[in-house]
Amino acid sequence: MNTLLNLLISAIVNGTPLMYGTLGEILTEKTGNLNLGVEGMMYMGGAIGLAGAFYYSKFAGANANGILAVIIAILLSFLAGAAAALIYSFITISLRANQNVTGLALAIFGTGLGQFIGETMRVKEGGYITVSNELKTYFYSSPFPAFLQNIPVVGKLIFGHSIFVYLGILIACAMAFYISKTRYGLNLRAVGESPATADAAGINIMKNKYLATVIGGGISAIGGMVYIMTIAGGVWNHEGLAGEGWLAVALVIFCLWRPLNAIWGSFLFGALMILYLRLSLPIPSEIYKILPYVVTVVVLVITSMRRKRENQPPESLGIAYFREDR
């Protein structure tokens, strides 16, 4: 029982950064934009979010407030991802450039920029970049009181996680409600399914695409900050985020572009990522690490064979919209 409980807890911890990356990309793809630059945005969010918390704690010293440090890290990482997504949006929406090429360029650029910022801070400070132990507790401690966390079995599983787990679940629920139950969400889906029809109905195509892509990029970047501040222990590691963004892109397909599926899907992928640490089987660890991608391919094949429209990506995904062709 303890082994299973520890596996579930570790799965949630490791899956939380993926949840943010996946939710951001789902919002982006709902409007027909395929942003493959999630890896780069998560790197930027991780480096800049850590930088904000680190320099705040350095200048505030003993007067540093943990809650304020968390807010600063969230805001700066969101702004970093939103800025990168804004550049992507201008190139692909306004200039109508190829989305695949632009997304790959953003992944390379963002990864390089994030590593540059992190390594520059490390060299300038002459050692590891990390926040104080007092502030670290605010990033990975549970916001719930101790008596709830001490409930046998379910206490740690439900109430024992960092604030980012519950914030991610809240974002997923809010996004699902917005997309499915509001007029603006239906407009957003219409833009992704048939931009020509949406345009004819008076829906502002560029506004919806820009907003969804920029906000989605910011949400994805928060995932990079969450990884650095929780899984990596609040210490910069230029190789720590490798592969998280690409897993998030795969998870979007696995979740069938549904925000609520991103909750349990990210936790499942988190379990698959750490499975090799929990099972002592004579199998190379590389086999375990490709399991999330194998599962995604299997799901993609099954959903394609069933040919259900609700399980397919937005109709205009990855295709630039030319109004004159309407």
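Refer to the preceding data block for the structure.
Residues numbered from 1 in each chain as written. Predicted model: local features only at pLDDT ≥ 70, side-chain atom pairs only at ≥ 80, totals over all residues. Heavy atoms only, no water.

### Some words on a nonpolar patch on the surface
- Taken together, the side chains of L104, W246, I283, I287, I290, Y293, V294, V298 and I302 define a hydrophobic patch exposed on the protein surface, amounting to about 740 Å² of accessible area.
- Ranked by the residues each element gives to the nonpolar patch, the list is headed by helix α15 (residues 291-306), at 4 residues.
- Tracing the backbone through its elements, the reader meets L104 in helix α4 (residues 99-125).
- Residue class for L104 comes out partly exposed when judged on its relative accessible area of 41%. (Patch = residues over 30% accessible without salt bridge, like charges linked within 9 Å, V, L, I, M, F, W, Y side chains within 5 Å. Areas by Shrake-Rupley, 256 points an atom, 1.4 Å probe, with all protein chains shown as cover. Salt bridge = Lys/Arg side-chain N within 4 Å of Asp/Glu carboxyl O. Helix = DSSP H or I, 4+ residues; strand = E, 2+ residues; numbered from the N terminus. Buried < 20%, exposed > 50% of the residue type's maximum accessible area, 1.4 Å probe, protein only.)

### A short note on the environment of G24
- Counting through the fold element by element, G24 comes out in helix α1 (residues 2-29).
- Judged by relative accessible area, which is 0%, G24 ranks as buried.
- In this structure the C-alpha to C-alpha distance between G24 and V38, which are 14 residues apart in sequence, comes to 8.6 Å.
- Dropping the residues within four chain positions of it, G24 is found in contact with G216, I219 and S220. (Contact = heavy atoms within 4.5 Å.)

### A short note on the packing of α1 against helix α8 (residues 163-181)
- With their axes 10 Å apart at the nearest point, α1 and α8 run at an angle of 30° to one another. When the axis of α1 is compared with that of α8, the two are roughly parallel. The interaxial crossing formed by α1 with α8 has left-handed handedness. Only F164, V165, L167, G168, I169, I171, A172 and M175 of α8 make contact with α1, whose side of the interface consists of I12, T16, M19, Y20, L23 and L27. (Axes fitted to C-alpha atoms, helices over the stretch in contact; angles between N-to-C directions. Parallel < 35°, antiparallel > 145°, perpendicular 65-115°, else oblique. Left-handed = near helix turned anticlockwise from the far one by under 90°.)

### Concerning the side chain of S316
- Position of S316 among the secondary structure elements: in the segment after α15.
- Among the residues examined, S316 registers a relative accessible area of 7% and is labelled buried.
- Look past the residues within four positions of S316 in its chain and what remains in contact with it is T31, G32, V191, G192, E193 and P195.

### Side note on the packing of aromatic side chains
- Counting across every chain of the model gives 7 aromatic pairs.
- On the basis of an interplanar angle of 85° and a centroid distance of 4.9 Å, the ring pair of F144 and Y166 is categorised as edge-to-face. In this pair, F144 sits in the loop between α5 (133-140) and α6 (146-149) while Y166 sits in helix α8, placing the two residues 22 residues apart along the sequence.
- For F144, a relative accessible area of 29% corresponds to the partly exposed category.
- On the basis of an interplanar angle of 50° and a centroid distance of 5.2 Å, the ring pair of F254 and F269 is categorised as tilted. Here F269 lies in helix α13 (residues 259-278) and F254 lies in helix α12 (residues 244-254), a separation of 15 residues in the sequence. Like F254, the residue F269 is buried in the burial classification.
- Cluster of aromatic residues (ring-pair linked, three or more members): F54, Y55 and F59. (Phe/Tyr/Trp six-rings, centres within 6.5 Å; stacked < 30°, edge-to-face > 60°.)

### Comments concerning the side chain of T28
- On the secondary structure map, T28 appears in helix α1.
- Leaving out residues up to four positions away in the same chain, T28 has contacts with N33, N35, A212, T213, G216 and G217.

### A look at the state of the cysteines
- Applying the stated criterion to the full structure yields 0 disulfides.
- Cysteine C173 is unpaired, with the sulfur of C255 as its nearest cysteine sulfur at 13 Å.
- Residue C255 is classed as buried on the basis of its relative accessible area, which comes to 0%. (Disulfide = S-S within 2.5 Å.)

### Quick word on helix α2 (residues 38-60)
- Between the first and last C-alpha of α2 there are 32 Å, a value that for 23 residues agrees with the 33 Å anticipated at 1.5 Å per step.
- In the segment just after α2, G61 is the residue with positive phi, at about 65°. (Expected span 1.5 Å × (residues − 1).)

### A closer look at the packing of α8 against helix α9 (residues 183-193)
- For the pair α8 and α9, interaxial distance at closest approach is 5 Å and the crossing angle is 80°. The orientation of α8 with respect to α9, classified from their angle, is roughly perpendicular. Of the residues in α9, those in contact with Y178, I179, S180 and K181 of α8 are R183, Y184, G185, L186, L188 and R189.
- Considering only residue class, the contact of α8 with α9 consists of 5 nonpolar, 2 polar and 3 charged. (Nonpolar A, V, L, I, M, F, W, Y, C, P; charged D, E, K, R; others polar.)

### Details of the nonpolar core
- Grouped together as the largest cluster of nonpolar side chains are 53 residues, with contacts concentrated most on F139, F164, M225 and M229.
- Of all elements in the fold, only α1, α2, α3 (66-94), α5, α8, α11 (205-231), α12 and α13 reach the threshold of two or more residues within this core.
- If one sorts the elements of this core by residue count, α11 sits on top with 8 residues.
- Ignoring anything within four residues of it in the chain, the contact list for F139 reads A53, A69, V70, A73, S162, F164, M225, M229 and T230.
- Of all hydrophobic cores here, the second largest spans 13 residues; its members include M41, M42, A85 and V249. (Core = buried A, V, L, I, M, F, W, Y, C linked by side-chain atoms within 4.5 Å.)

### A closer look at unusual backbone geometry
- Positive phi, normally seen in glycine, also occurs at L256, with a value near 60°.
- Inspection of the secondary structure assignment puts L256 in the loop between α12 and α13.
- In the Ramachandran plot, W257 falls in the positive-phi region, its phi being about 60° despite a non-glycine side chain.
- Residue placement: W257 occurs in the loop between α12 and α13.

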